[in-house]
Amino acid sequence: MAEPGGSDKRVWCSVPEKFQLHGAMLALQFGYAGFHVVSRFALNMGISKLVFPVYRNIIALLLLLPFAYFLEKKDRPPINLNFLVQFFCLALIGITANQGFYLLGLDNTSPTFASAIQNSVPAITFLMAALLRIEKVRLDRKDGIAKVAGTIFCVAGASVITLYKGPAIYSPTKPLETMFMSSASSSMTSMSSFTTSAMSVLGDAKGKSWTLGCLYLIGHCLSWSGWLVLQAPVLKKYPARLSVTSYTCFFGLIQFIIIAAVFERDAQAWIFHNGGEVFSILYAGVVASGIAFAVQIWCIDRGGPVFVAVYQPVQTLVVAIMASVALGEEFYLGGIIGAVLIIVGLYAVLWGKSEERKFAAASLRVPIQSTLSDNVHSNNRKSQTKTSLTQPLIPPSTENV
């Protein structure tokens, strides 16, 4: 009998890995793009910045733990103190510092700016990976030049989308909100209030310190880049991706619980007050943590930290498209130019990594071929020596005596 779901697994496995990686990273950027707005909604509703990540990581851990335990039960290396210290440090950088700085920065700025400043992640990650020699950069070869130029193009494209508006290129005739509002008079009022609140959260944070928010978001970008880079060497020593993610999430949860227990004095902060808070926490835990962490660490393992980071500017493009389609915002020339730069940059980085792999494979084949050639010549010499020694010096006579 055929194994249930076997056909689906065969179809998925028949897809080339590079297409799987690209599809996973695009889906990840859509999930993160929604998380910017959802997080700001949660903060506007008054949810605690310390309690929010605690619940978020609880949900993520509950989601990841069963898969890590059962799927990697035979492949998981034995745990030791050295691995625990590495997982704790990954959690401190990638969970506690990353999420904490992000929420503090978002509370003082806006989701649009938070998404825009994250475009520095590819450049920071590329620099960290190059300094730690995780990512090889050969500026004397075309693959190294392509990776550097592609990273610059990605950052420049996202910056253009953020900073340059230009003339309107596309004006939607009937945005989604207008179609929904025209359906009924009762839904019009609710949709209008929802649109107003949605647009308000996309604006700047009022009564907050913008400079302090920028500093928090810079710390968020530094910790995120460090997290992407440091996961690669850990995965080489402990090649169980879901288990690494689960341990990291567990230690991050412990760290946030200690911080919240010390600094959050209001007992009401631990109670859900409405469905919006529940939805925000569920989205953050399931999509932005559980699924995102698993997809991200798989992509890091298969494509490297720079491959993952270089997709970060796609978020800005996704936010611009979603705003145009859902909210009826016009699409401007700056968005078109930025999108082209991002696409060119992604192509350059991916082409550079492809050429790098070809060069590495070719350099490996040369020593192998020379070694095989040496072995063949050595065997020939041995066989000739053996033949000359075993062959009689005087050939046997064929004449009858």
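What counts, and at which threshold
Residues numbered from 1 in each chain as written. Predicted model: local features only at pLDDT ≥ 70, side-chain atom pairs only at ≥ 80, totals over all residues. Heavy atoms only, no water. Helix = DSSP H or I, 4+ residues; strand = E, 2+ residues; numbered from the N terminus. Buried < 20%, exposed > 50% of the residue type's maximum accessible area, 1.4 Å probe, protein only. Contact = heavy atoms within 4.5 Å. Axes fitted to C-alpha atoms, helices over the stretch in contact; angles between N-to-C directions. Parallel < 35°, antiparallel > 145°, perpendicular 65-115°, else oblique. Nonpolar A, V, L, I, M, F, W, Y, C, P; charged D, E, K, R; others polar. Patch = residues over 30% accessible without salt bridge, like charges linked within 9 Å, V, L, I, M, F, W, Y side chains within 5 Å. Areas by Shrake-Rupley, 256 points an atom, 1.4 Å probe, with all protein chains shown as cover. Salt bridge = Lys/Arg side-chain N within 4 Å of Asp/Glu carboxyl O. Left-handed = near helix turned anticlockwise from the far one by under 90°. Core = buried A, V, L, I, M, F, W, Y, C linked by side-chain atoms within 4.5 Å. Phe/Tyr/Trp six-rings, centres within 6.5 Å; stacked < 30°, edge-to-face > 60°. Lys NZ or Arg CZ within 6 Å of the ring centre and 35° of its normal.

## Some remarks on the overall build of the chain
Each helix and strand in the chain was counted, giving 15 helices and two strands. Within the chain, the proportion of its 401 residues that are buried is 42%. Relative to all contacts within the chain whose residues are 6 or more apart in sequence, the contacts with residues 24 or more apart total 89%.

## So, the packing of helix H2 (residues 17-44) against helix H4 (residues 81-108)
Taken N-terminus to C-terminus, the directions of H2 and H4 make an angle of 70 degrees; their axes are 10 Å apart at the nearest point. As summarised for this structure, H2 and H4 are arranged roughly perpendicular, according to the angle between their axes. Side by side, H2 and H4 meet where Phe35, His36, Ser39, Arg40 and Leu43 of the first sit next to Tyr102, Leu103, Leu106 and Asp107 of the second. For the contact of H2 with H4, a count of residues per class yields five nonpolar, two polar and two charged.

## Concerning a nonpolar patch on the surface
A contiguous nonpolar surface patch, about 540 Å² in accessible area, is contributed by Phe250, Ile254, Ile257, Ile258, Val262 and Phe263. In this structure, Phe250 sits in helix H11 (residues 241-263).

## Looking at the packing of helix H10 (residues 210-237) against helix H12 (residues 275-303)
Look at H10 against H12: their axes get within 9 Å of each other, and the N-to-C directions meet at 60 degrees. Compared by their axis directions, H10 and H12 come out oblique. For the element pair H10 and H12, the recorded crossing hand is right-handed. For the pair H10 and H12, the contacting residues are Trp224, Trp227, Leu228, Gln231, Ala232 and Leu235 in the first and Phe293, Gln296, Ile297, Ile300 and Asp301 in the second.

## Some thoughts on the nonpolar core
Residues Phe52 and Val244 are the most contacted members of the largest nonpolar core, which totals 71 residues. Once you skip the residues sitting within four places of it in the chain, Phe52 turns out to touch Phe35, Ser39, Ala42, Ile47, Leu103, Ser280, Ile281 and Ala284.

## A closer look at the packing of aromatic side chains
The full count for this structure, using the stated rule, is 15 aromatic pairs. With centroids separated by 5.7 Å and ring planes inclined at 25 degrees, the aromatic side chains of Phe35 and Tyr102 adopt a geometry described as stacked. A residue pair is termed long-range when its members are at least 10 positions apart, and Phe35 in helix H2 and Tyr102 in helix H4 qualify at 67 residues. Tyr102 shares its class with Phe35; the two are buried. Between the aromatic rings of Phe88 and Phe251, the centroid separation amounts to 5.9 Å while the plane-to-plane angle is 75 degrees, which identifies the pairing as edge-to-face. Of the two residues, Phe88 sits in helix H4 while Phe251 sits in helix H11, which places them 163 residues apart along the sequence. The structure contains a cluster of three or more aromatic residues connected by ring pairs, namely Phe83, Phe87, Tyr238 and Tyr247. Note that Arg141 overlies the ring of Phe359, its terminal NZ or CZ placed 3.8 Å from the centroid.

## Examining the pattern of salt bridges
Tallied over the entire structure, the rule returns seven salt bridges. For Arg302, the salt bridge identified is with Glu17, shortest N-O distance 3.0 Å. Residue Arg302 is located in helix H12, and its partner Glu17 is located in helix H2; the two are separated by 285 residues in the primary sequence. For the salt bridge of Glu355 with Lys142, the shortest nitrogen-to-oxygen distance reads 3.9 Å. Pair noted here: Glu355 is in helix H15 (residues 333-390) and Lys142 is in helix H7 (residues 142-163), with a separation of 213 residues, a long-range link. For Glu355, a relative accessible area of 17% puts it in the buried group. In this structure Lys142 comes out as exposed when scored by relative accessible area, which is 54%. What emerges from the salt-bridge pattern is a single network uniting Lys142, Glu355 and Lys358.

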